[in-house]
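The primary structure of each chain is shown beneath.
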Amino acid sequence: TAGQFCIYFQPKISLDTEEFIGSEALIRYINQAGEIIAPNNFIPILEEARLIKMLDLYVFEEVCKQINIWKERKMRVKPVSINLSRSTLSYHFLADQLLALITKHNIDISLLELEVTETAEVDNQLVFSQALEKLKEYGFSISIDDFGVRNASLSLFTTINFDILKLDRSLVKTLAQNQKARILIRSLAVICSDLGIKLIAEGVENEEQEHILRELGCGLGQGFLYDRPMPVAEFEAKYLGGPPLAGSD
């Protein structure tokens, strides 16, 4: 219906086996005219108005409900990652609130990953690392998003306990021409492998990029080469063994 938020899902794929290994939940807004509005058009406004936490919690709960539906329908449920903004992370009771929602909807915590973006603002570093530490203690998987954009720092590996590192699409985009990007990714792949961290590349758009990433030791990918973010019914039909959509082959 018009004038509401809805959640799209984008699959994540193993570069070695081409298997579907999970997805990312992405928020969209459908306006009164029925047009789909991308997040960069409304997230900054919500951040400015300090309403982003409500949206983050809404997405988190909607994903919990959705996982429950998939479980009841005996579908192939794989982990879903959910984005949390920096201001949501600084909310003192976040971990308790997320855990309460998991309990309410009876979800296995291993089916959820929390995606957060690391920034270089030093004044927030302590709040950031303490918030993540608490979420880790509660049993959440933590994914660091947009790594390699602006000034993502290597101190991240020694100061924060996380499970997944997401390479920013800007690094992936230039892979074929940019030898430095390839060297950086190969080094990150080694560091991640040694630390038991999964490495996933965002914005994989063609087979050349996929091939290079595989050669460099990056095992997971997400991007238009595999699929765009899609509404839940389409996602179920394509990836979770749901019924085929009417009108599709």
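One structure accompanies this document, and this report is about it. (Residues numbered from 1 in each chain as written. Predicted model: local features only at pLDDT ≥ 70, side-chain atom pairs only at ≥ 80, totals over all residues. Heavy atoms only, no water.)

**Description of the overall build of the protein**
Logical step 1: Secondary structure assignment for the protein yields 10 helices and 10 strands.
Logical step 2: Relative to its length of 249 residues, the protein is compact, with a C-alpha radius of gyration of 18 Å against a globular reference of 18 Å.
Logical step 3: Taken along its principal axes, the extent of the C-alpha atoms in the protein is 45 × 45 × 35 Å.
Logical step 4: Looking at the protein as a whole, 46% of its 249 residues qualify as buried.
Logical step 5: Of the contacts formed within the protein by residues at least 6 apart in sequence, a portion of 63% connects residues at least 24 apart.
Logical step 6: Just so you have it, the protein exposes about 12,700 Å², and 53% of that area is on carbon and sulfur atoms. (Helix = DSSP H or I, 4+ residues; strand = E, 2+ residues; numbered from the N terminus. Rg over C-alpha atoms; globule rule 2.2 N^0.38 Å. Buried < 20%, exposed > 50% of the residue type's maximum accessible area, 1.4 Å probe, protein only. Contact = heavy atoms within 4.5 Å. Areas by Shrake-Rupley, 256 points an atom, 1.4 Å probe, with all protein chains shown as cover.)

**A short note on the packing of aromatic side chains**
Logical step 1: Using the criterion set out here, one finds 13 aromatic pairs in the structure.
Logical step 2: Just above the ring of Tyr8 sits the side chain of Arg28; from NZ or CZ to the centre is 5.7 Å.
Logical step 3: One Lys or Arg, Lys53, reaches over the ring of Tyr91 and ends 3.7 Å from the middle of that ring. (Phe/Tyr/Trp six-rings, centres within 6.5 Å; stacked < 30°, edge-to-face > 60°. Lys NZ or Arg CZ within 6 Å of the ring centre and 35° of its normal.)

**Some points on the pattern of salt bridges**
Logical step 1: Applying the stated criterion to the full structure yields 15 salt bridges.
Logical step 2: Taking the shortest distance from any N to any O, the salt bridge between Glu18 and Arg214 comes out at 3.5 Å. Note that Glu18 is positioned in the loop between β1 (4–14) and β2 (20–30) and Arg214 in helix α9 (residues 207–216), a separation of 196 residues in sequence.
Logical step 3: Shared partners join several salt bridges into a network, and the residues in it are Lys12, Glu24, Glu113, Glu115, Lys166 and Glu202. (Salt bridge = Lys/Arg side-chain N within 4 Å of Asp/Glu carboxyl O.)

**Concerning the nonpolar core**
Logical step 1: In this structure, Phe60, Leu135, Leu165 and Leu213 are the most contacted members of the largest nonpolar core, which totals 69 residues.
Logical step 2: At nine residues, helix α2 (residues 52–72) tops the list of elements feeding residues into this core.
Logical step 3: In contact with Phe60, not counting residues within four places along its chain, are Ile82, Leu98, Leu101, Ile102, Leu112, Leu114 and Phe140. (Core = buried A, V, L, I, M, F, W, Y, C linked by side-chain atoms within 4.5 Å.)

**Re the side chain of Asp145**
Logical step 1: Mapped onto the fold, Asp145 is located in strand β6 (residues 141–147).
Logical step 2: The charged side chain of Asp145 is buried without a salt bridge, its nearest counter-charge being Lys166 at 4.4 Å.
Logical step 3: Beyond its immediate stretch of four places on either side in the chain, Asp145 contacts Asn83, Glu115, Val116, Thr117, Glu118, Lys166 and Glu202. (Lys, Arg positive; Asp, Glu negative; His and termini not counted.)

**A closer look at α9**
Logical step 1: What α9 keeps buried is the set Gln209, Glu210, Ile212, Leu213 and Leu216. All buried residues of α9 fall inside an arc of 165° around its axis, so they share one side. Seen from the open side of α9, the exposed residues pointing more than 90 degrees away from its buried face are Glu207 and Glu215.
Logical step 2: Where α9 is buried, its residues meet β7 (164–167), α7 (169–173), α8 (179–195) and β8 (198–202).
Logical step 3: One side-chain oxygen at the N-terminal end of α9 lies 3.2 Å from the backbone nitrogen of Glu208; it belongs to Asn206.
Logical step 4: Just past α9, the residue Gly217 takes up positive phi, approximately 95°. (Arc of directions from axis to C-beta. Polar contact = N/O pair within 3.5 Å; in protein donor to acceptor, adjacent residues only side chain to side chain.)

**So, the packing of α8 against α9**
Logical step 1: Contact geometry of α8 with α9 gives a least axis separation of 9 Å together with a crossing angle of 45°. It follows from the interaxial angle that α8 and α9 lie oblique. Where α8 abuts α9, its residues Arg182, Ile185, Arg186 and Ala189 lie against Ile212, Leu213 and Leu216.
Logical step 2: Among the residues forming the contact of α8 with α9, the class breakdown is five nonpolar, no polar and two charged. (Axes fitted to C-alpha atoms, helices over the stretch in contact; angles between N-to-C directions. Parallel < 35°, antiparallel > 145°, perpendicular 65-115°, else oblique. Nonpolar A, V, L, I, M, F, W, Y, C, P; charged D, E, K, R; others polar.)

**Observations regarding the side chain of Glu210**
Logical step 1: As for its position among the elements, Glu210 is in helix α9.
Logical step 2: Engagement of the side chain of Glu210 in a polar contact is seen with the side chain of Tyr226, the distance being 2.9 Å.
Logical step 3: Residues contacting Glu210, with those up to four places away along its chain left out, are Leu15, Glu18, Val204, Leu225 and Tyr226.

**Let's talk about the pairing of β8**
Logical step 1: Of all the five residues making up β8, four are buried; the element is thus mostly covered by neighbouring parts of the structure.
Logical step 2: In terms of strand pairing, β7 meets β8 through four bridges, oriented parallel. Looking across to β8, one finds that Leu165 is bridged to Leu199.
Logical step 3: As judged from the three bridges shared by β8 and strand β9 (residues 220–222), these two strands associate in the parallel manner. If you follow Glu202 over to β9, its bridge partner there is Gln222.
Logical step 4: A crossover connection joins β8 to the parallel β9 through α9; in handedness this β-α-β unit is right-handed. (Pairing = 2+ DSSP bridges. Right-handed = clockwise from strand over helix to strand, strands pointing away.)

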